[in-house]
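Residue-level listing of the chains:
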Amino acid sequence: MTYDVSTLRAQFPALRAGTAHFDGPGGTQTPAPVIAAYTEALSRPLSIRGATLPGEVHAETIVGDFRQALADLLGADPGGIVHGRSSTQLTYDISRVLSRSWEPGDEVVVSRLDHDANIRPWVQAAERAGAVVRWAEFDPATGELPTEAVGALLTERTRLVAVTGASNLIGTRPDVAAIGELVHSAGALFHVDGVHLTAHDFVDVERLGADFFVCSPYKFFGPHHGVLAARPELLETLRPDKLVPSSDAVPERFELGTLPYEALAATRAAVDFIADLGTGGAAAGRRDRLRSAYAAIGAHESSLLELAEKALGELGGVTVHSRAADRTPTLLLTFEGRDASDAYRFLARSGVHAPAGSFYALEASRHLGLGDDGGLRVGLSPYNDTDDVERLLTGLADFLR
């Protein structure tokens, strides 16, 4: 299909301000149809979910549509789609429930490549249970997390393995499906942080082997909250703390309080917005349209990444730490004798937003030898165009002079 980035950009009101956004890994801008869906949800009668009055039916429909949309996006069962305030909160919630059955000497495997939201909840839960934490190390020279780096740590005492689907710092995409096979062969559960992955890849949680998969709609054009996908039958075995009168049905037993219906409606609209970038029109199912949309997005982002990498290779004094063979269009840069935070501020003066830091991937930043400071992160999104990239490259060249 032809990817019309100009038409796409016209649907993002925030882009009219003129900023070239390379901050997508921290959250994308919001398209008009998603904003409209949020407003529409609040403009109609809205009540606690039910089946009698219009407001009740409206709320019930929003929730059902949200669960189906995320199921289509992730290749999951809608009965296992859980809303949360954030992916961090959902991971903490699951870690607390699972760790109740852990015993001293049990083992948990985490990865240095991960965002702290897929490390610290498991480390802290293991500490409370007296379980052992084992660390899978990635290669700082290549950015790769080899499958065997995880497999070598698995024993009969392994209870859970937590790995990212894609590094939010350097973009590395581990072979999650291969890791999942090893994890399940060891009889352990597999938790995948898909927050960065879902913004760039067509996800299939069953193929990945993820028992638990979390993502954040605000990374792919939606509002700020988190989503957990899991098999309903697995969720049925877990007993989180909840209020006595609240529903004990799955997935509701994991959702505390009244749901933010307007956010769920906007999230459904975000999934549809992505699907509308695919081929087949209304005759094709949403899942099929999402597949073709992600293929088109990937081709567009790859072409921009190639342009950026070629030019960065010609600039002296720049180190690119994103080197894995399979990775998202995300680059972490440092500069010889210069602070990345200075580059961020310099670019900002010309309307280019490429933030600096370690972005909660603290272990990864330290393992790369960058301490807690990290580097300048350039994250491409579907609405970036060649003009954005050229502005970035011009700005960096001026900064380095």
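Remember, it's a predicted structure, so these values are computed and weren't measured experimentally.

Attention shifts here to the packing of aromatic side chains. In the structure shown here, the tally under the stated rule is eight aromatic pairs. Measuring from ring centre to ring centre gives 5.3 Å for Phe-12 and Phe-221, while their planes differ by 65 degrees; the resulting arrangement is edge-to-face. Linking Phe-12 in the loop between helix 1 (5-9) and strand 1 (20-21) with Phe-221 in the loop between strand 7 (212-215) and strand 8 (226-230), this pair joins segments that are 209 residues apart in sequence. Judged by centre distance (5.7 Å) and plane angle (90 degrees), the ring pair of Phe-12 and Phe-273 falls under edge-to-face. Of this pair, Phe-12 sits in the loop between helix 1 and strand 1 while Phe-273 sits in helix 10 (residues 261-275), and the two are 261 residues apart along the sequence. Given the relative accessible area of 5%, Phe-273 is considered buried. Through pairs of rings, three or more aromatic residues link up here, namely Phe-12, Phe-221, Phe-273 and Tyr-383. The ring of Phe-399 carries Arg-338 above its face, with NZ or CZ at 4.0 Å from the centroid. Positioned over the ring face of Phe-359 is Arg-377, at 3.7 Å from the centre of the ring.

On to the side chain of Ser-167, then. Within the secondary structure, Ser-167 sits in the loop between strand 5 (158-164) and helix 7 (176-185). A polar contact of 3.1 Å, which involves the side chain of Ser-167, links it to the backbone nitrogen of Leu-169. Beyond its immediate sequence surroundings of up to four residues, Ser-167 is in contact with Leu-113, Thr-172 and His-196.

With that settled, the discussion passes to the sheet that holds strand 9 (residues 318-320). Strand order in the open sheet formed by four strands is 9-10-13-12, and the pairing between neighbours is antiparallel. Only two strands of the sheet have a single neighbouring strand rather than two, namely strand 9 and strand 12 (356-357). Pairing analysis gives four bridges linking strand 10 (residues 330-335) to strand 13 (residues 375-379), with the strands arranged antiparallel. Its bridge partner being in strand 13, Leu-333 is matched across the sheet by Leu-376. Its contacts with the sheet put helix 11 (residues 286-313) on strand 9 and strand 10, and the angle it makes with strand 10 is roughly 15 degrees.

What follows deals with the pairing of strand 8. Of all five residues making up strand 8, five are buried, and the element is well covered by its neighbours. Alternating residues of strand 8 divide into Gly-226, Leu-228 and Ala-230 and Val-227 and Ala-229, and every residue in both groups is buried. Here strand 2 (residues 81-84) pairs with strand 8 via four bridges, running antiparallel. Along strand 8, the bridge assignment pairs His-83 with Val-227.

A separate point is helix 7. Of the positions making up helix 7, those classed as buried are Val-176, Ala-177, Ile-179, Gly-180 and Val-183. Down the axis of helix 7, the buried side of the element spans an arc of 155 degrees, and every buried residue falls inside it. Looking at helix 7, the residues exposed on the side facing more than 90 degrees away from the buried face are Glu-181 and Ser-185. Structurally, helix 7 contributes buried residues whose contacts are with helix 6 (147-151), strand 5, strand 6 (189-193) and helix 8 (205-208). Where helix 7 ends, the next residue or the one after it, Gly-187, has phi of about 80 degrees, a positive value.

What counts and how
- Residues numbered from 1 in each chain as written.
- Predicted model: local features only at pLDDT ≥ 70, side-chain atom pairs only at ≥ 80, totals over all residues.
- Heavy atoms only, no water.
- Phe/Tyr/Trp six-rings, centres within 6.5 Å; stacked < 30°, edge-to-face > 60°.
- Helix = DSSP H or I, 4+ residues; strand = E, 2+ residues; numbered from the N terminus.
- Buried < 20%, exposed > 50% of the residue type's maximum accessible area, 1.4 Å probe, protein only.
- Lys NZ or Arg CZ within 6 Å of the ring centre and 35° of its normal.
- Polar contact = N/O pair within 3.5 Å; in protein donor to acceptor, adjacent residues only side chain to side chain.
- Contact = heavy atoms within 4.5 Å.
- Pairing = 2+ DSSP bridges.
- Axes fitted to C-alpha atoms, helices over the stretch in contact; angles between N-to-C directions.
- Arc of directions from axis to C-beta.

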